[in-house]
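# Commentary on secondary and tertiary structure
The lines below spell out each chain.
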Amino acid sequence: MTADPRKVKKAFTVKEMTYQEAMELSHFGAKVIFPATMQPAMVNNIPIWIKNTFNPSFPGTIISADGNGKDLIIKGISSMSGMSLLSVQGSGLQGVVGVSMRLFAALARAQVNVILISQASSEHSICFAVDQLVASTARDAIEKEFMYEIRSNEMDGVQVENGLAIVAIVGENMRHNPGTSGRMFHSLGNSGVNIFAIAQGSSELNISAVIRESDVGKALNVL
């Protein structure tokens, strides 16, 4: 469906979507799809039908390589709750090669999965979202890795913001429709939803925003 029907009463069934769109929605909490089980079908170009066991005659959704559904710019709006946003910044990091590598290597060693990344081009400021349960582990791993930079004031202490969520709009047709991201942020702003971070791929398949967890219901419905 276009959104979780428990949170959005106006959600409706999407007739068709591509494998990539389905993968994006599954990453952001669409529990009907498990990416690992989709992989063999993707490799062999086998269409996947999502059906309703309580209503077998309903057409459902077909997932395929060419599942454009060009009448829909957005195929789905999804969310993940229980997120924390960690910020790493400092004047001493600007222009220094390898900061990102050290940061994410430290997180990998600590077994922390990074869900979203937003970075300024200068590397002066990098923020990323993780599950709230591992936020303190992530902070400790980073502060251990950059211990000397923090001591010499080249880098600030890691800032952690809890009680957040990620909302994402997904659709391959967004790239052919200018202004989609503008409409997304305009609608959130008009509804009083504050955005902490934004992440968007160059393909414009997915536009994600980090917001307060308490604003998820409102955000999903206005989107």
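Residues numbered from 1 in each chain as written. Predicted model: local features only at pLDDT ≥ 70, side-chain atom pairs only at ≥ 80, totals over all residues. Heavy atoms only, no water.

## As for the pattern of salt bridges
Overall, the coordinates contain 7 salt bridges when judged by the stated rule. Asp 4 serves as the salt-bridge partner of Arg 6, at 2.9 Å between the closest nitrogen and oxygen. Take Asp 4: its relative accessible area is 24%, and that puts it in the partly exposed class. Among the charged side chains, a salt-bridge network with shared partners connects Arg 102, Arg 109, Glu 145 and Glu 149. (Salt bridge = Lys/Arg side-chain N within 4 Å of Asp/Glu carboxyl O. Buried < 20%, exposed > 50% of the residue type's maximum accessible area, 1.4 Å probe, protein only.)

## What to know about the packing of aromatic side chains
Aromatic rings in a pair are described by how distant their centres are and how their planes are angled relative to each other. Tallied over the entire structure, the rule returns 1 aromatic pair. Judged by centre distance (6.1 Å) and plane angle (65 degrees), the rings of Phe 104 and Phe 128 are edge-to-face. Here the residue Phe 104 occupies a position in helix H3 (residues 99-109), and Phe 128 occupies one in strand S6 (residues 125-131), the gap between them amounting to 24 residues. (Phe/Tyr/Trp six-rings, centres within 6.5 Å; stacked < 30°, edge-to-face > 60°. Helix = DSSP H or I, 4+ residues; strand = E, 2+ residues; numbered from the N terminus.)

## Regarding the layout of surface pockets
Approximately 430 Å³ is the volume found for the second largest pocket. Lining the second largest pocket are 19 residues, and of these Ile 74, Ile 77, Arg 183, Val 222 and Leu 223 lie nearest its centre. Taken together, the elements giving at least two residues each to the lining of the second largest pocket come down to helix H6 (180-190) and helix H7 (216-222). The element that contributes the greatest number of residues to the lining of the second largest pocket is H6, accounting for 4 residues. For the lining of the second largest pocket, the class distribution of residues is 13 nonpolar, 4 polar and 2 charged. (1 Å grid on protein atoms, 1.4 Å probe; cavity = no way out; pocket = protein on both sides within 12 Å on 5 of 7 lines; lining within 4 Å. Points joined across faces, edges and corners; volume = space filled by probe spheres on them. Nonpolar A, V, L, I, M, F, W, Y, C, P; charged D, E, K, R; others polar.)

## Things to note about the sheet that holds S6
Pairing is antiparallel in the open sheet, where 6 strands are placed in the order S5-S6-S4-S7-S9-S8. Looking along the sheet, the strands with just one partner apiece sit at the ends: strand S5 (116-119) and strand S8 (195-200). Neighbour-to-neighbour, the strand axes of the sheet open up by a mean angle of 30 degrees, direction not taken into account. Sheet topology places strand S4 (residues 76-89) next to S6; 7 bridges connect them, and they run antiparallel. Paired with Gln 89 across the bridge in S6 is Ser 125. Sheet strands in contact with helix H1 (residues 19-27) are S4, strand S7 (159-170) and strand S9 (206-212), and its direction is about 65 degrees off that of S4. (Pairing = 2+ DSSP bridges. Axes fitted to C-alpha atoms, helices over the stretch in contact; angles between N-to-C directions. Contact = heavy atoms within 4.5 Å.)

Function-wise, these values are silent; they only describe arrangement.
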